[in-house]
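# Coordinate analysis (summary)
Here's the letter readout for the chains.
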Amino acid sequence: MDKINEQNAFPKSIPKAEMYKPFQSLDITGIALESTNIGIWIIDITTRVFLPSPCAKELFGCATDKEMSFDGAMHQIPERYRPEVIATIENAFTKRKSFSIVFPIADGDTKQRWLSILGGCNNTEDDNCYFSGVVMDITEQKHNDLRKSKFIGMVSHELKTPLTVLKAYIQMLNTWAKKQKDHFTIGALSKAGRQVKRMLNMINGLLNLSGAEAGKIHLNKQDFLINDLINEVIEETQFITASDNTVLVPCETIQVHADQDKIEQVLINLLSNAAKYSSKDSLIEISCHKVDDKVQISIKDLGMGISPENIEKLFDPNYRVESKETEKISGFGIGLYLCSEIIKRHQGKIWVESELGKGSIFFFTLPLN
């Protein structure tokens, strides 16, 4: 998006008296932000006048004594990220809601820097309003996250090797036990095999997390029946959670073209969460049906539910709902983030409908072709 359309265009030239007027009345909080290398900006959504503070200009790679338009700021963002940033900001303007977005900027001959912008509207009731917010340099944090992801990926990869060997030995022993008709050993090895599979799924989840944070989730697509996969996951989850309260609403046979292992991870995560955040005997219901050229799967529980303010952040990395009810429930806050990234890579959609105290319904879609 090279230029913003004329009606949304920001003035190229603003008198200096006007430019710095919003900052003349800054309180001590604003002054503190500027002194800690956090820039401040204001946008009038009616006139589209863009007023960045000197620090905000500097973070975008512009000299503090020069004027910077919104168009100029956006052109500092690489083309790969620019459309998403502009779309997010325009959507926030239209709906009068707060936003948060992270992106890199080109900064001359120096290494790529990462910025985080947060903003909100001062008045949602009428047209006479403006957006204001902050811009921060999070390059070091981003690099730390990437280093963490590489470490997780390396360790997870090393753990897979002995587990794969263990899985092969269990399969060999299981074959021998069947020839001997040793039913006890067959049952024990079957349970051991399931636990190894569970550990491999957890390790694959960590590898996928590493890939997602690096922008790389590789898909191995194939044709399979989503109904059969759901039934397998229900059986597996019931074994792990020692519960038989999950039911699949009868639906037609539906074939999809997707990465079966990764869709299995999504189903396992959503079903496990439904079981974790519900009472032991509470019903969990899965449905599956076609919607136009997609298949839509839903997982409904009657558990503790999710408040509206938490729903917005639910699919963010490392985010967990913190409350007295959830503090004793294990988790790292990566499961739903991974589900979201996997479904996005399939050109699908994932979302949740929930009411606090009454349960939740998680939905996701996959293209049929």
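Residue numbering note: each chain is counted from 1, following its sequence as written. Totals for whole chains, interfaces and linings use every residue, but because this is a predicted model, local features are given only for residues with pLDDT of at least 70 and side-chain atom pairs only at 80 or more, for both listing and counting. Water and hydrogen atoms play no part in the side-chain values, which are based on all heavy atoms of the structure.

### Brief notes about the sheet that holds strand 10 (residues 294–301)
As a reminder, the rule being used: For two strands to be treated as a pair, DSSP must find no fewer than two bridges joining them. A run of H or I in DSSP counts as a helix once it spans at least four residues, and a run of E counts as a strand once it spans at least two, with each numbered from the N terminus. A fitted line through C-alpha atoms serves as each axis, taken over the contacting stretch for helices, and the angle formed by two N-to-C directions is quoted from 0 to 180°.
Read across the open sheet, the five strands follow the order 7-9-10-12-11; overall the sheet is mixed. The open sheet has two edge strands, strand 7 (246–248) and strand 11 (349–355), and neither has a second partner. On average, adjacent strands in this sheet sit at an angle of 15° to one another, irrespective of strand direction.

### Focus on the pairing of strand 3 (residues 99–105)
What counts, and what does not: Under the scheme applied here, a residue whose accessible area is under 20% of the maximum for its type counts as buried, over 50% as exposed, and between as partly exposed, the area being computed with a 1.4 Å probe on protein chains only.
Of all seven residues making up strand 3, five are buried, and the element is well covered by its neighbours. As judged from the seven bridges shared by strand 3 and strand 4 (residues 113–121), these two strands associate in the antiparallel manner. What sits directly across from Ile-101, in strand 4, is Ile-117.

### Section: the packing of aromatic side chains
What counts here: Note on aromatic contacts: the rings of Phe and Tyr and the six-membered ring of Trp form a pair at centre separations within 6.5 Å, being stacked when their planes are under 30 degrees apart, edge-to-face when over 60 apart, and tilted otherwise. Here, over-ring charges are defined by two tests on the NZ atom of lysine or the CZ atom of arginine: distance to the ring centre within 6 Å, and angle to the ring normal within 35 degrees.
This structure, assessed with the given rule, holds eight aromatic pairs. Considering the side-chain rings of Phe-50 and Phe-70, the 5.9 Å spacing of their centres and the 85° angle between planes classify their relative orientation as edge-to-face. Residue Phe-50 is located in strand 2 (residues 50–52), and its partner Phe-70 is located in helix 5 (residues 70–74); the two are separated by 20 residues in the primary sequence. Taken as a pair, Phe-50 and Phe-70 share a single burial class, namely buried. Three or more aromatic residues joined by ring pairs make a cluster, and in this case those are Trp-41, Phe-93, Phe-99 and Phe-131. Just above the ring of Trp-114 sits the side chain of Lys-142; from NZ or CZ to the centre is 4.4 Å.

### Side note on the sheet that holds strand 5 (residues 130–137)
Short version of the rule: Whether two residues are in contact is decided by their heavy atoms: any pair within 4.5 Å suffices.
Taking strand neighbours across the sheet as the criterion, the five strands line up as 2-1-5-4-3 in an open arrangement whose pairing is antiparallel. Each of the sheet's edge strands pairs with one partner strand only, and the pair in question is strand 2 and strand 3. Each neighbouring strand pair of the sheet contributes to a mean axis angle of 20°, computed without reference to strand direction. Contacts from helix 6 (residues 82–95) reach strand 1 (38–44), strand 3 and strand 5, with the element oriented near 160° to strand 3.

### Re the nonpolar core
Cut-off, in case you're wondering: Working definition of a nonpolar core: buried Ala, Val, Leu, Ile, Met, Phe, Trp, Tyr and Cys residues. They are joined through side-chain atoms within 4.5 Å.
Counting residues in each nonpolar core, the largest one holds 35 residues, and the members touching the most others are Ile-226, Ile-263, Val-295, Ile-297, Ile-299 and Phe-364. Among the secondary structure elements, those contributing two or more residues to this core are helix 9 (226–241), strand 8 (255–258), helix 10 (260–276), strand 9 (284–291), strand 10, helix 12 (335–345), strand 11 and strand 12 (359–367). Among the elements that make up this core, the one with the highest residue count is helix 10 (seven residues). Setting aside anything within four residues of it in sequence, one finds Ile-226 in contact with Ile-254, Val-256, Ile-263, Cys-288, Val-295 and Ile-297. The next biggest cluster of nonpolar side chains, apart from the first, holds 28 residues, and it includes Ile-45, Ala-56, Phe-93 and Val-135.

### Quick word on the packing of helix 10 against helix 12
How we decide: What makes a crossing left-handed is the near helix being turned counterclockwise from the far one by less than a right angle; a clockwise turn instead makes it right-handed. Each residue receives one of three labels: charged for Asp, Glu, Lys and Arg, nonpolar for Ala, Val, Leu, Ile, Met, Phe, Trp, Tyr, Cys and Pro, and polar for the others, Gly being one of them.
Between helix 10 and helix 12, the least distance of the axes is 10 Å, while the angle of their chain directions is 145°. For the pair helix 10 and helix 12, the sense of crossing is left-handed. Listed contacts from helix 12 to Lys-262, Ile-263, Val-266, Asn-269, Leu-270 and Asn-273 of helix 10 are Gly-335, Leu-336, Cys-339, Ile-342 and Ile-343. Class assignment for the residues of the contact of helix 10 with helix 12 results in seven nonpolar, three polar and one charged.

### Let's talk about a nonpolar patch on the surface
In plain terms, the rule: Nonpolar side chains (Val, Leu, Ile, Met, Phe, Trp, Tyr) within 5 Å and like charges within 9 Å form the patches, drawn only from residues with over 30% relative accessible area and no salt bridge. Each accessible area is a Shrake-Rupley result for a 1.4 Å probe, and residues are judged covered by the shown protein chains and nothing else. We define a salt bridge as a contact between a side-chain nitrogen of Lys or Arg and a carboxyl oxygen of Asp or Glu at a distance within 4 Å.
Side chains of Phe-151, Met-154, Val-155 and Leu-159 sit close together on the surface and give an oily, nonpolar patch of about 370 Å² of accessible area. Relative to the elements of secondary structure, Met-154 occurs in helix 7 (residues 139–180).

### Remarks on the pattern of salt bridges
Applying the stated criterion across every chain, the model contains four salt bridges. Note that Glu-355 and Lys-358 form a salt bridge whose closest N and O atoms lie 3.5 Å from each other. Judged by relative accessible area, Lys-358 falls into the exposed class, the value being 55%.

### Some details on helix 10
Applied cut-off: Expected helix span is given by 1.5 Å per residue-to-residue step, counting one fewer step than there are residues. Under the rule applied, a polar contact is a pair of N or O atoms within 3.5 Å (in protein, one hydrogen donor and one hydrogen acceptor; residues adjacent in sequence only if both atoms are side-chain atoms).
Given a rise of 1.5 Å per residue, 17 residues ought to cover 24 Å, and the 24 Å separating the end C-alpha atoms of helix 10 matches this to within 8%. Of all 17 residues that make up helix 10, twelve are buried, and the element is covered over most of its length. Residues Lys-262, Ile-263, Glu-264, Gln-265, Val-266, Leu-267, Ile-268, Asn-269, Leu-270, Leu-271, Asn-273 and Ala-274 constitute the buried set of helix 10. Between a side-chain oxygen at the N-terminus of helix 10 and the backbone nitrogen of Asp-261 the separation is 3.2 Å; the capping residue is Asp-259.

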